[in-house]
Amino acid sequence: MEQTLLLIKPNVVRKNKIGAVISILEDRGLLIKKMRMLIMTKELAGKFYAVHTGKDFYNRLVEFMTSGPIVAIVLEHDNCVAYVREIIGNTNPEKAAEGTIRKLYADSLTENAVHASDSPDNAKIEIGIIFGED
Ligand code: CMP
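Please read these numbers as outputs of a predicted model, since none were measured by experiment.

Conventions and cut-offs
- Note on numbering: residues in each chain are counted from 1, in written sequence order.
- At least 70 in pLDDT is required for a residue's local features to be given in this predicted model, at least 80 for side-chain atom pairs to be given and counted, and no such filter applies to totals for whole chains, interfaces and linings, which use all residues.
- With hydrogens and water set aside, each side-chain value is computed from the structure's full complement of heavy atoms.
- Residue proximity to a molecule or strand is established when one non-hydrogen atom of the residue lies within 4 Å of it.
- Pairs of N or O atoms within 3.5 Å make up the polar contacts considered here, provided that, within protein, one atom can donate a hydrogen while the other can accept it, and that residues adjacent in sequence are counted only when both atoms are side-chain atoms.
- Accessibility throughout is a Shrake-Rupley quantity obtained with a 1.4 Å probe, and a residue counts as covered only by protein chains that appear here.
- When a carboxyl oxygen of Asp or Glu lies within 4 Å of a side-chain nitrogen of Lys or Arg, that pair is called a salt bridge.
- By the criteria applied, helices consist of DSSP H or I runs no shorter than four residues and strands consist of E runs no shorter than two, each listed in order from the N terminus.
- Here the term buried applies to any residue with accessible area under 20% of the maximum for its type, exposed to any over 50%, and partly exposed to those in between, with areas from a 1.4 Å probe on protein chains only.
- By construction, the arc corresponds to the directions joining the helix axis to the C-beta atoms.
- Working rule for contacts: check all heavy atoms of both residues, and any pair within 4.5 Å makes them a contact.
- DSSP bridges decide pairing: two strands pair if at least two such bridges lie between them.

*Asks:* Sorry if this is basic, but what is going on with the site of the ligand here?
*Replies:* Every residue close to the ligand is listed here: Lys9, Tyr49, His52, Phe57, Leu61, Thr91, Arg102, Leu109, Thr110, Asn112 and His115. In this structure, threonine 110 approaches the ligand through a main-chain N or O atom, which is 3.2 Å from an oxygen atom. Histidine 115 is positioned such that a nitrogen or oxygen atom in its side chain is 3.0 Å from an oxygen atom of the ligand. Coverage of the ligand by the protein amounts to 80% of the 460 Å² it exposes when considered alone.

Shown next as C-alpha cells:
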C-alpha cells in the first residue's frame with residue numbers, strides 16, 4: 001500500500017492544533033504507520049528541502065521549519081500521495097479549497113501548516129530522511 005510523509009509545521013504545533021490535523025487525516029481513512037515529534041536542525045532542514053536551495057524563499061523556509069517542534073507522520077492509503085495532497089490543499093493558503101488543512105490552519109505561504117510529499121518516489125526519500133532505519 002502506498003505511503004506518504006506528512007509534516008505538521010511549527011505554527012500548527014504552537015496553535016495547539018496537532019490533534020485537529022490528525023483527526024482530519026484519520027477521519028478521511030488514512031492509517032498512521034509512524035509518528036514522531038522532533039525539532040529540525042538547520043542541517044536536517046537543508047537536507048529535507050535541498051531541492052529549494054537558492055530559491056528566494058529558502059532562508060525564510062529553513063528559519064521557520066527550525067523555529068520549534070514539528071510532528072512527522074507516515075501515512076498509508078490507496079493512492080496515498082495524491083489523496084493527502086488533495087486533503088491538505090494548495091501550497092498557497094490563499095488558493096487552498098474550503099475544508100482543506102491549509103485553508104483551516106495556514107498563516108502564510110511559508111507558515112502553510114503542513115508539508116506532504118509530492119510523488120511516491122519523494123515520499124520514500126523523505127520518509128528515509130526523517131525516520132532513517134526505523
Ligand atoms: P512545503 O510543502 O513544505 O514545500 C516547500 C515550502 O516552501 C512550501 O511548502 C512553502 O511553505 C514554502 N514556500 C515559500 N514560498 C514559496 C513559493 N513561492 N513557492 C513554493 N513554496 C514556497
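Now that the structure has been shown, we can carry on.
*Asks:* Would you mind going over the pattern of salt bridges with me for this structure?
*Replies:* Pairs can form between side chains of opposite charge whenever their charged atoms are close. On inspection of all chains with the given rule, the structure shows 4 salt bridges. Between lysine 33 and glutamate 76 there is a salt bridge; the shortest N-O distance is 3.9 Å. Of this pair, lysine 33 sits in strand 2 (residues 31-38) while glutamate 76 sits in strand 3 (residues 70-76); the two residues are 43 residues apart in sequence, bridging distant segments of the chain. Exposure remark for lysine 33: the relative accessible area of 44% places this residue in the partly exposed category. Linking glutamate 63 and lysine 42 is a salt bridge whose minimum nitrogen-to-oxygen distance equals 3.4 Å. Taken together, the residues glutamate 63 in helix 4 (residues 58-65) and lysine 42 in helix 3 (residues 42-48) connect sequence positions 21 residues apart.

*Asks:* Looking at this structure, how should I read unusual backbone geometry?
*Replies:* The general pattern is negative phi for most residues beyond glycine and trans for most peptide bonds. The residue asparagine 16 is not glycine, and still its phi comes out positive at about 60°. With respect to the helices and strands, the residue asparagine 16 is situated in the loop between helix 1 (10-14) and helix 2 (18-27). Non-glycine residue asparagine 79 carries a positive phi angle of around 55°.

*Asks:* Looking at this structure, I do not really get helix 5 (residues 80-88). What am I missing?
*Replies:* In an α-helix, one turn spans 3.6 residues; hence positions three or four apart end up facing the same way. Every buried residue of helix 5 is accounted for by Cys80, Val81, Tyr83, Val84, Ile87 and Ile88. The buried residues of helix 5 occupy one face: seen down the axis, they fall within an arc of 165°. On its buried face, helix 5 sits against strand 1 (3-8), helix 2, strand 3, helix 6 (101-105), strand 4 (114-116) and helix 7 (120-131). Directly beyond the C-terminal end of helix 5, a positive phi value near 90° is found at glycine 89.

*Asks:* Even after reading the chapter, I still don't get the pairing of strand 3, so can you show me in this structure?
*Replies:* Along a regular strand, successive side chains alternate from one face of the sheet to the other. Of all 7 residues that make up strand 3, 7 are buried, and the element is covered over most of its length. Residue alternation in strand 3 divides its side chains into two sets, Ile70, Ala72, Val74 and Glu76 and Val71, Ile73 and Leu75, and both sets are buried. Relative to strand 3, strand 1 is paired through 6 bridges, and the arrangement is antiparallel. Its bridge partner being in strand 3, leucine 7 is matched across the sheet by alanine 72. Pairing between strand 2 and strand 3: 7 bridges, direction antiparallel. Residue pairing in the sheet places arginine 36 in a bridge with alanine 72 of strand 3.

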